[in-house]
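Results of the structural survey
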Amino acid sequence: MELRVFADYEALSRAAAAFFERVVRQLLQKKTPIAVALAGGQTPRRTYEHLRQLDLPWEHLHFFWGDERCVPPDDPRSNYRMACETFLSHIPIPSENLHPIPCLDTPEEAAELYEEELRSFCGPDPCLDFVWLGLGKDGHTASLFPHTPALAEKKRWVLGVHPKGTIPRVTLTYPVLNCARWVVFLVSGREKAPVLAMILKGRPFPQSCPAAGIRPLSGNLLWFVDREAAALLQEPAS
Ligand code: 6PG
């Protein structure tokens, strides 16, 4: 696991985009296509805006989502919409390279369909090449929320979930997220400092802090955080 602390959100976002470019260029020397899972929420926005400036062979990349809210694709809460607005609508990528999570009648139906799509792309092992993740104040990541059944899932790659206090969602599960070659968390802001410190210093159980359950089996895990989010990580001066 590697922690990188940046002065502020802009520096974090710029560095994350540059890191992505470096990894993708390395991967492209060995294989195509490259499979990427995008994170939702607000933190990745600026990173995605930097990604769209890159001159990569986008036709060799396929984009999936780590999770999605069960709303129409043009809904302001849609992770698909956020990624298109900030990034995907601005690059020359074939539409068949974009794999949004469908919003069907029930999250369970959407999850089944998405799992089929992911399996037909990945084959028997759910190994994506690069996974972006965010971190909620409660320790959730993707749509893996504390004390929910999805955390115990060992076989399914995609599940429909009904977290308390938020809309139903569809999420990739630990078997997929922990099979990735590269996993990068983007964490910004003072409100995330307590949960980040708990994860990186406290080693909490994934049940209470699902992001702590992201432990790639053979892949690389990096945390790109800004100084505000890292505020509780530095040891107090002795
Ligand atoms: C979502 C995300 C979720 C997000 C965290 C952090 O659909 O909401 O996938 O896991 O990454 O909630 O969100 P912010 O970046 O907005 O703080």
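For the structure itself, look to the data block above.
To keep things clear, this report deals only with the structure shown in the data block. (Residues numbered from 1 in each chain as written. Predicted model: local features only at pLDDT ≥ 70, side-chain atom pairs only at ≥ 80, totals over all residues. Heavy atoms only, no water.)

A few words now on the overall build of the protein chain. When helices and strands are tallied, the protein chain shows six helices and nine strands. A compact globule built from 238 residues would reach a C-alpha radius of gyration of about 18 Å, and the protein chain, at 17 Å, matches this within 12%. The 238 residues of the protein chain split such that 53% are buried. Pairs at least 24 residues apart make up 79% of the contacts formed inside the protein chain by residues separated by at least 6 positions. As displayed, the protein chain has an accessible area near 10,900 Å², and 53% of this comes from carbon and sulfur atoms. Put simply, the protein chain has 26 plus and 28 minus side-chain charges, and the middle of one group is 7 Å from the middle of the other. (Helix = DSSP H or I, 4+ residues; strand = E, 2+ residues; numbered from the N terminus. Rg over C-alpha atoms; globule rule 2.2 N^0.38 Å. Buried < 20%, exposed > 50% of the residue type's maximum accessible area, 1.4 Å probe, protein only. Contact = heavy atoms within 4.5 Å. Areas by Shrake-Rupley, 256 points an atom, 1.4 Å probe, with all protein chains shown as cover. Lys, Arg positive; Asp, Glu negative; His and termini not counted. Charge placed at Lys NZ, Arg CZ, Asp CG, Glu CD.)

Below, the discussion takes up helix 1 (residues 9-28). The first and last C-alpha atoms of helix 1 sit 28 Å apart over 20 residues, in line with the 28 Å expected at 1.5 Å per residue. For helix 1, the N-terminal cap is Asp 8; the gap from its side-chain oxygen to the backbone nitrogen of Glu 10 is 3.2 Å. (Expected span 1.5 Å × (residues − 1). Polar contact = N/O pair within 3.5 Å; in protein donor to acceptor, adjacent residues only side chain to side chain.)

Within the secondary structure, Arg 69 sits in strand 4 (residues 67-69). Nearest to the buried, unbridged Arg 69 among oppositely charged side chains is Glu 68, at 4.9 Å. A distance of 2.6 Å separates a polar atom in the side chain of Arg 69 from the backbone oxygen of Arg 77. In contact with Arg 69, other than residues within four places in its own chain, are Gly 41, Arg 77, Asn 79, Ile 167, Pro 168 and Arg 169. (Salt bridge = Lys/Arg side-chain N within 4 Å of Asp/Glu carboxyl O.)

Turning to unusual backbone geometry, a few remarks are in order. Cis peptide bonds are those with omega within 30 degrees of zero, and the linkage from Thr 32 to Pro 33 qualifies with -5°. Note on placement: Pro 33 falls in the loop between helix 1 and strand 2 (34-38). Notably, Ala 142 is not glycine yet its phi reads approximately 50°, a positive angle. With respect to the helices and strands, Ala 142 occurs in the loop between strand 5 (130-133) and strand 6 (158-161). Its identity is not glycine, yet Arg 203 carries a phi of approximately 55°, on the positive side.

The next point concerns the sheet that holds strand 6. Backbone hydrogen bonds are what pair the strands of a sheet, in a parallel or an antiparallel way. Within the open sheet, the three strands sit side by side as 4-7-6. Their pairing is antiparallel. In this open sheet, the two strands that pair with only one neighbour each are strand 4 and strand 6. Ignoring which end each strand starts from, the neighbouring axes of this sheet average 15° apart. Pairing between strand 6 and strand 7 (residues 169-172): four bridges, direction antiparallel. Paired with Val 161 across the two strands is Arg 169, which belongs to strand 7. (Pairing = 2+ DSSP bridges. Axes fitted to C-alpha atoms, helices over the stretch in contact; angles between N-to-C directions.)

Turning our attention to the site of the ligand. As a matter of local geometry, the ligand sits amid 15 residues, with Thr 43, Asp 67, His 140, Ala 142 and Lys 192 nearest to it. For the ligand, an oxygen atom lies 2.6 Å from a polar atom in the side chain of Thr 43. Ala 142 is positioned such that a nitrogen or oxygen atom in its backbone is 2.6 Å from an oxygen atom of the ligand. Look at the ligand: alone it shows 420 Å² of surface, and the protein chains cover 88% of it. (Near = heavy atom within 4 Å.)

Looking only at helix 6 (residues 193-202), the buried set comprises Ala 193, Val 195, Leu 196, Ala 197, Ile 199 and Leu 200. Those residues of helix 6 hidden inside the fold are in contact with strand 1 (2-6), strand 8 (182-187) and strand 9 (220-226). Remark: Arg 203 follows helix 6 within two positions and exhibits a positive phi of approximately 55°.

Of all hydrophobic cores here, the largest spans 80 residues; its most connected members are Phe 20, Trp 58, Phe 63, Leu 88, Trp 132 and Trp 223. Ranked by residue count, the leading element in this core is helix 1, at eight residues. In this structure Trp 132 touches Ala 16, Phe 20, Val 36, Ala 37, Leu 38, Ala 39, Thr 47, Tyr 48, Leu 51, Val 184 and Leu 186, once residues within four positions along its chain are discounted. (Core = buried A, V, L, I, M, F, W, Y, C linked by side-chain atoms within 4.5 Å.)

It is worth spelling out a nonpolar patch on the surface at this point. A contiguous nonpolar surface patch, about 280 Å² in accessible area, is contributed by Met 1, Leu 3 and Val 5. On the secondary structure map, Val 5 appears in strand 1. For Val 5, a relative accessible area of 38% corresponds to the partly exposed category. (Patch = residues over 30% accessible without salt bridge, like charges linked within 9 Å, V, L, I, M, F, W, Y side chains within 5 Å.)

A surface patch of negative charge is lined by Asp 105, Glu 108, Glu 109, Glu 112 and Glu 116. Examined against the element boundaries, Glu 108 turns out to sit in helix 4 (residues 107-122).

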